[in-house]
Amino acid sequence: MSRFLDTRYLGIAPYTPGEQPQDRSYVKLNTNESPFPPSPAVIRALNADEVSRLNLYSDPTAGKLVEAIASRYTAALKEQGLSGIGERNVFVGNGSDEVLAFAFAAFCSRELGVASPAIGYGFYPVFAEFFSLPYEAVPMLPDLAVDPEGFKGIEATVVIANPNAQTGIYLPLSEIETIVSENKDRLVIVDEAYCDFGGESAVRLIARHDNLLVVSTMSKSRQLAGGRVGFAIGSEELIEDLNKMKFSFNPYNLDRLSILAGAAAMEDEDYFNLTRTAVMRERERLKKEFSSLGFSLTPSLANFILARHGGIGGRELYLALKARGVLVRWLGGELEDYVRISVGSEEQNEALLAAVRDVIKEKNL
Ligand code: PMP
């Protein structure tokens, strides 16, 4: 640490991302990326012509991407007989981490701060620290589900990942709506990073509630973790506020290629459905296989499973799998006994299962 670091950051404990090893190739199931490559439409969009224009700044409104997101969500809402959203309801950022950071900065006051489930996305308390905001961790239910009662009428901006990070447990939309209705004067941020794998999006509630902001990402269900494309959907006023933050910090937050990649990924509904259903199918298969090997699992609706085995600790299992070339995530803390495993391709999952069976055999479990 230098002697110039401002004292307000002395106590900050930065977020620790999952390992991104560069040394050897692992079956990489530790950061909930998609096992599939981006849509062929994305690969076509990132051509040499576009690369040759990198001398020019990107569109600060990311118009093409915003339009693609608004059209796709409008089509999905209309299919349910609901009215659509406009481009003024959409904000885009450099990954949803950046979107969340702008939302924390804009909507969490230093007096009230922010509340989120005690088990959830590890970045929320880090953002709270970064922006000097009081942070309240709301206790979980005994089965590790989010306790909606803990959020009703709470005096803080609420942030909930749904399905929840780490556990994959989905809170029914009716519960989300009750939290939103019972906190009319506080913003509720619903982080839908994992929603495309079986949950129902809260975007349909936005027309009825001006205190709801839905945040999502193209990192999980649209194969663009490395493209860094996140977005938020909410009332025009909320989106205007987020844009105020962005234009006061980094107007060109998305680069030219990410705007094109994001738009092409959003427009390819067929590929999106093909890949997300493959992940859901494999998730259910992994749940069955792990159960039959003696593991207990949370009822995850995300692109990962959270599993524990009475006969082996989480860290030991993580290390044993790593030694066998399979990288999973051991989160420690309240989830010390568990490992979180991203759902891979069929082939990756076979390699995972072979490694798990081998560990179980070696330990006589
Ligand atoms: N929200 C949740 C719940 C996540 O798990 C993640 C991924 N780690 C993010 C947001 C951030 O995703 P990204 O910045 O890649 O969009």
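Residues numbered from 1 in each chain as written. Predicted model: local features only at pLDDT ≥ 70, side-chain atom pairs only at ≥ 80, totals over all residues. Heavy atoms only, no water.

Draft legend 1. Region of the structure containing the nonpolar core. Ranked by size, the top nonpolar core spans 57 residues in total, and within it L65, I69, V92, M218 and I233 carry the most contacts. Both domains that meet at this core, namely domain 1 (16-37 + 279-362) and domain 2 (40-267), each give it at least three residues. Excluding residues within four positions of it along the chain, V92 makes contact with A62, L65, V66, I69, V99, G230, F231, K246, N253 and L254. Among the nonpolar cores identified, the runner-up in size contains 32 residues, and L100, A193, L238 and I239 belong to it. (Core = buried A, V, L, I, M, F, W, Y, C linked by side-chain atoms within 4.5 Å. Buried < 20%, exposed > 50% of the residue type's maximum accessible area, 1.4 Å probe, protein only. Domains from an automatic or database assignment. Contact = heavy atoms within 4.5 Å.)

Draft legend 2. View of the environment of L297. Topologically, L297 is positioned in strand 9 (residues 295-297). In this structure L297 touches K287, F290, S291, I305, L306 and A307, once residues within four positions along its chain are discounted. (Helix = DSSP H or I, 4+ residues; strand = E, 2+ residues; numbered from the N terminus.)

Draft legend 3. Summary view of the sheet that holds strand 10 (residues 304-309). With antiparallel pairing, three strands are arranged side by side in an open sheet as 9-10-12. Of all the strands in the sheet, the pair left with one neighbour each is strand 9 and strand 12 (338-342). Strand after strand, the sheet turns through a mean of 35° between neighbouring axes, direction not considered. With five bridges connecting them, strand 10 and strand 12 associate as antiparallel partners. Of the residues in strand 12, the one forming a bridge with R308 is Y338. Helix 9 (residues 269-292) rests against strand 9, strand 10 and strand 12 of the sheet, and its axis sits at about 5° to strand 10. (Pairing = 2+ DSSP bridges. Axes fitted to C-alpha atoms, helices over the stretch in contact; angles between N-to-C directions.)

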